[in-house]
Every structure is written in structure tokens, then in C-alpha cells.
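# Summary of structural features
So you can see what is in the structure, the chains are spelled out below.
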Amino acid sequence: MATLRIEGIEKSFAGKKVLNDVNLEIQEDVFTAILGRAGSGKTTLMKIISGTLRPDKGKVYLGDKDLSNVPPRNRRIAMISQGYNLYPNLTVFENIASPLRAERRPDEEVKQRVTKQAEILKIDHLLEKHPYELSGGEAQRTALGRALVRDADIYLLDEPLTGLDYKLQEGMTHELKEILSYEHLNRINLLYATPNYQEVLAMSEKTILMVDGRVLWYGKTLEGYRMPPNVEFARYFYSPSMNLFDSALKKVNGKLYLYASDQINLPVDHLKGKFSGQEYILGLHTHAFNLEKGKNMMPVTFFLTLADVTPAGTVLHMEFNGKKINVYFPFPQDFKRGDIELYVSPEDFHIFDKKSGRFIMTYRGD
């Protein structure tokens, strides 16, 4: 095993740059996720790592070995994509065994490794079935088994859960983490691409955030979630996005405030050494709103335009001073269109410099 290094990778299609000077050093033995919306460049980057697509510029290294001129079949890279691409005429057993057959492994070894992999994935009772007889979750496990049964240096999982319905996604997120931790996590380079930040939070130790073909951030997943490093991260990492309020330093009755509105203003006399400019952005997670007032919470009135109610929770789409605001409650509940008063804690606000976009601090009271 060795560190995967990506240096200066660029790629364009029809004159449009899809990857823009991508530089990464991805450690072995760490579950690393690539998070990005459709069109961010995740799949293109994975194809370049696997060797099925050549970059216009840049190189991929595994340790000190330059993979640029190494054909895909010799890169010891296993990849599973969203479409699964199972062989319809082969049984589950033979689908999983296919990469071992291609390597001309002995029949007894093939049988042992496929059987063991199927047991780990809990599909050993399906080995004689064909893909058309499988559910979405069973097909997903089969494709995963075909990738993991190989002796590979790098495993690439490109949106493996995207094709599943909500309940299957929820169940497989937890199963996938258990499977990879149990059998493989401590001895492989693993890259997992997804547009779903909840999958990233549930599974990965480190996250690469990609936006418009560039790496916006790379670091420890939970640290980034708790303290977003910049405004762009706050806009793209979460779904719905973090709520952002324009604010400015303002004196009221001799006291200094970060002032966004008459309802959202934070006293900062005790923090004035942290601020060098005048304009700032206050960020607030969608889950940082409350229906009932708690200690030191401030009431804020919003105009509710729509409530999306699902078994997993409720997202409120609201307006505040001409801006769209999203709020998430982890329970289904009916809300009526119109004014609604919610409560927020000052300590839940993240403060960013408006000019540079950089994170300054999470607010703390005096």
C-alpha cells in the first residue's frame, strides 16, 4: 500500500474545463470521500485514476510510481459505478468471480474467495441467481462484491448508492460502512464519491469537496462539518445549504454588534479584537432552529412558503429580508404557510469575513 498522489490534473470536454488543476495527496488506510454535486468532476477524476480516461495535463502517482503510462488492467484498481454493469447472462457467483477469472486464478481459490465475499455481503444465498432476479440492494451488493474480491491497490466507489430508493440507501449506508471497516478498511486506498453529504458524514474519515472541477477543501470530515473553513464550503457541503446572513459591525447605544437585522444581532464588544473589517457573514445550520424558546435564545420571525414533509423529517422553505432560508426538523410535522416564529442560539452562528470568505470563529457569548 502507498499514498495516492494527484498532481496538476486538468481535463476538458468540448472546450469546457471539467477538472481544473486538481492536486491531492490521499493517505492509505483512510476512508476518503469525494463530495460534489452533479458536474463537479468526481467521476472524471475517478476515471483518470483508474486509467480509463487520460488527463489533458498532470499525473497520478501511487507512492513513487507514475501511473500515467500504465494501462487500466495493470493498475490494480477496482471500481464500482452507479450503474453496477452486471453481466446479465452470468450468475451472481460468476459476476463476482469475473475479475478472478480474468486473472486466471485456480478454481478452488475462486470458489473460496467468492464464497467468503458473498458471506460478508450477506448474499451467499443468491449465488445461483441472475441479475434480473435481484432487487436493487442485492444488485448493489453483487457489484460491490465483484470490486472487493480483487487484490487491488485502490478501490474506487462512484456513487454506488445513488440508484437505490431512500430506504435502501439508508440501510446500505450503514451496511457499507460495516462491510468496508470489517474486511478492507485497514489495508486499502478507498475513494468513495457521492453527492450526498449524509453518506459522507456517516462513513468517511476525510472528505474532498469538489466544486466546478476544483478541490475546494480537503480535511477531516467532522472538523469541516462543525467549523466550515469558508463561505463556499458552507454553501456546498450541506444539503440544504447553510443559511447565510449578511451582517456588519454596528454601534447601538454605545455597544458593538454584528448586525444582520433587528432580530439577528450579536453583541461583540468582548470579541472586537477578532474583527478588522466592517462586513461579515453569519452562518447558521439548517438544524439550529427551535420551535420552543430555550435559555438565551433569540426569537426570529420568518415567512414560511413551503414545508416538505417526509418520514425522515421536515424541511421548511422560508424567506427572511428577501433571502431564502431553509430549516430542518428531524420529524414529520405539518406547518401552515405564513409567518412563523423560531428560536436560535447565538452560539450556533458561524462568522465569516465577507470579503475573503474565510471562517473567523463560531460565536461565543461574554
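A few points on the structure.

Reading the values: rules and limits
- Residues numbered from 1 in each chain as written.
- Predicted model: local features only at pLDDT ≥ 70, side-chain atom pairs only at ≥ 80, totals over all residues.
- Heavy atoms only, no water.
- Pairing = 2+ DSSP bridges.
- Helix = DSSP H or I, 4+ residues; strand = E, 2+ residues; numbered from the N terminus.
- Axes fitted to C-alpha atoms, helices over the stretch in contact; angles between N-to-C directions.
- Phe/Tyr/Trp six-rings, centres within 6.5 Å; stacked < 30°, edge-to-face > 60°.
- Buried < 20%, exposed > 50% of the residue type's maximum accessible area, 1.4 Å probe, protein only.
- Lys NZ or Arg CZ within 6 Å of the ring centre and 35° of its normal.

### Remarks on the sheet that holds strand 8 (residues 189-194)
An order of 6-7-8-3-9-10 is seen for the six strands of this open sheet, with the pairing classed as mixed. The strands lining the two open edges of the sheet, one partner per strand, are strand 6 (77-80) and strand 10 (214-220). With direction set aside, neighbouring strand axes in the sheet form an average angle of 15°. Sheet analysis places strand 6 next to strand 7 (residues 154-158), joined by four bridges and oriented parallel. Paired with Ile80 across the two strands is Leu157, which belongs to strand 7.

### Digging into the packing of aromatic side chains
Applying the stated criterion to the full structure yields 17 aromatic pairs. The interplanar angle of 65° and the centroid separation of 5.4 Å between the aromatic rings of Tyr225 and Tyr238 together place this pair among those described as edge-to-face. Of this pair, Tyr225 sits in helix 7 (residues 221-226) while Tyr238 sits in the loop between helix 8 (231-236) and strand 11 (243-252), and the two are 13 residues apart along the sequence. Taking the relative accessible area as the measure of exposure, Tyr238 reaches 3% and is therefore buried. Both rings, one in Phe245 and one in Phe320, keep their centres 5.9 Å apart while their planes meet at 80°; by these two values the pair is edge-to-face. Here Phe245 is found in strand 11, whereas its partner Phe320 is found in strand 16 (residues 313-320), with 75 residues between them in sequence. Three or more aromatic residues joined by ring pairs make a cluster, and in this case those are Tyr197, Trp217, Tyr225, Phe233, Phe237 and Tyr238. Here the basic side chain of Lys250 rests over the ring of Tyr259, its NZ or CZ set 3.9 Å away from the ring centre.

### Section: the sheet that holds strand 14 (residues 279-284)
Spatially, the six strands line up as an open sheet ordered 13-12-11-14-19-20, and their pairing is antiparallel. Of all the strands in the sheet, just strand 13 (265-267) and strand 20 (359-362) have a single pairing partner and so form its edges. Direction aside, the axes of adjacent strands within the sheet are offset by 30° on average. Pairing of strand 12 (residues 255-259) with strand 13 involves three bridges; the strand directions are antiparallel.

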